[in-house]
Amino acid sequence: MAAIKTIGILTSGGDAPGMNAAIRSVTRSAIFSGFKVKGIYRGYRGLIDDDIVDFKTQNVSNIIQQGGTILKTARCKEFTTEEGRQRAFEVIKKHGIDALVVIGGDGSLTGARQFASEFDFPIIGLPGTIDNDLYGTDHTIGYDTALNTIMWCVDRIRDTATSHERLFFIEVMGRNAGFLALNGAIASGAEAAIIPEISTEVDQLAELIQNGFRKSKNSSIVLVAESPVTGGAMGLAERVRKEYPDYDVRVTILGHLQRGGSPTAQDRILASRMGAAAVDALLEGQRNVMIGDDDEQIVYVPFSKAIKNEKPIDRELLNTLRRLSI
Ligand code: ADP
């Protein structure tokens, strides 16, 4: 393998708070170790459109506290085609980029894996998604901030919910994973979480009603993971109106609120550690791995594992939630 001199960085797919901290960390760690750095704008789109600039340490000054991504992000259909990736490879060669660090979620790392194997090109992935749905890492960059935002929102909804006798369904993101809903419910003292991981096992709505929820309370808050499997908050509210018309149900969809905001300390630290680890990985000759954290330790997770395996939820958390919602 030819020596790596120049590292390109991009952020792709859904943005997540802490991506900037990761960009800063990769840039500065790389420069510290003698590499040149290039910033690629709008994810894979920037590779195809040749939207690439030299990054110095000053390019990443004063960004650790900012949400979003200074490199912008995009969804790029062209990169899913062979011609698109061929064009991206030509642009990479033109800029003398020898390795890539891709910060993104499941889709972005799937693209990275495909590109890396097609062109025998070294890529290190960083898990950047609020959904926490990548296998092989306890936490993804952005998850903790989104969880805190959800908690902040639910606290406020509870104030109004307790003034009326209502059932509130609050829909949170997660892209087919229940991490935000389940942990958000525990953190905000919600009565239940309806998550896709167990939707196929039990009718969570029927269970909720049968358990006599809110008999002793004057309001109930249920966090619902957005997903066709759960039916989403709207779908569930519709069911309540039809099947349990005694209940006064309201829906709040938190939506893009959950993506914004200044990253928490935990996300900034995680992103900083993972960014440095991405450069270490390249120095060690690693390629086509995602940086993960496993019990506070940095680990290298092959792309194939990170994207192909479903990360299980901790069933103990469900029991905890059940016990606390009596
Ligand atoms: P996320 O990374 O947040 O999961 P997406 O699923 O939208 O976001 O993926 C981001 C981008 O990754 C896509 O727009 C596309 O450019 C690229 N990508 C996703 N899947 C593939 C694939 N199978 N092959 C090549 N590129 C892909």
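Everything here concerns the structure above.
Predicted, not measured: the structure shown is a model, and the values here were computed from it. (Residues numbered from 1 in each chain as written. Predicted model: local features only at pLDDT ≥ 70, side-chain atom pairs only at ≥ 80, totals over all residues. Heavy atoms only, no water.)

Observations regarding the sheet that holds strand E6 (residues 166-172)
Read from one edge to the other, the open sheet built from 4 strands follows the order E7-E8-E6-E9, with strand pairing classed as parallel. Only two strands of the sheet have a single neighbouring strand rather than two, namely strand E7 (192-194) and strand E9 (249-253). If you compare each strand with its neighbour and ignore which way they point, the axes differ by 25 degrees on average. Direction of pairing for E6 relative to strand E8 (residues 219-225): parallel, over a ladder of 7 bridges. Bridge assignment links Phe169 to a residue of E8, and that residue is Val222. Sitting on the sheet, helix H5 (residues 143-161) is in contact with E6, E8 and E9, with an inclination near 150 degrees to E8. Docked against the sheet, helix H9 (residues 232-243) engages E6, E7, E8 and E9, running at close to 155 degrees with respect to E6. (Pairing = 2+ DSSP bridges. Helix = DSSP H or I, 4+ residues; strand = E, 2+ residues; numbered from the N terminus. Axes fitted to C-alpha atoms, helices over the stretch in contact; angles between N-to-C directions. Contact = heavy atoms within 4.5 Å.)

Considerations on the packing of aromatic side chains
Scanning all chains against the criterion turns up 7 aromatic pairs. With centroids separated by 4.4 Å and ring planes inclined at 15 degrees, the aromatic side chains of Phe89 and Phe119 adopt a geometry described as stacked. Linking Phe89 in helix H3 (residues 82-94) with Phe119 in helix H4 (residues 106-119), this pair joins segments that are 30 residues apart in sequence. In this structure Phe89 comes out as buried when scored by relative accessible area, which is 18%. (Phe/Tyr/Trp six-rings, centres within 6.5 Å; stacked < 30°, edge-to-face > 60°. Buried < 20%, exposed > 50% of the residue type's maximum accessible area, 1.4 Å probe, protein only.)

With respect to unusual backbone geometry
The backbone of Asp50 sits at a positive phi, close to 60 degrees, despite the residue not being glycine. Structurally, the position occupied by Asp50 is in the loop between helix H2 (44-49) and strand E3 (52-55). Phi is positive for Arg175, which is not a glycine, with a value near 40 degrees.

Structural notes on the packing of H5 against helix H6 (residues 179-188)
It is at 9 Å that the axes of H5 and H6 come closest, and there the two elements cross at 50 degrees. By the criterion of interaxial angle, the relationship of H5 to H6 is oblique. Considering the relative orientation of H5 and H6, their crossing is right-handed. From H5, Tyr143, Ala146, Leu147, Ile150, Met151, Val154, Asp155 and Arg158 reach across to H6, where they touch Phe179, Leu180, Asn183, Gly184, Ala187 and Ser188. Here the residues of the contact of H5 with H6 sort into 9 nonpolar, 3 polar and 2 charged. (Parallel < 35°, antiparallel > 145°, perpendicular 65-115°, else oblique. Left-handed = near helix turned anticlockwise from the far one by under 90°. Nonpolar A, V, L, I, M, F, W, Y, C, P; charged D, E, K, R; others polar.)

Observations regarding the environment of Gly105
By secondary structure assignment, the location of Gly105 is in the loop between strand E4 (99-104) and H4. The class for Gly105 is buried, based on a relative accessible area of 13%. Spatially, the C-alpha atoms of Gly105 and Asn132 are 8.9 Å apart, while their sequence positions differ by 27 residues. If we ignore the near neighbours within four places in the chain, the residues touching Gly105 are Ser12, Gly128, Thr129 and Leu134.

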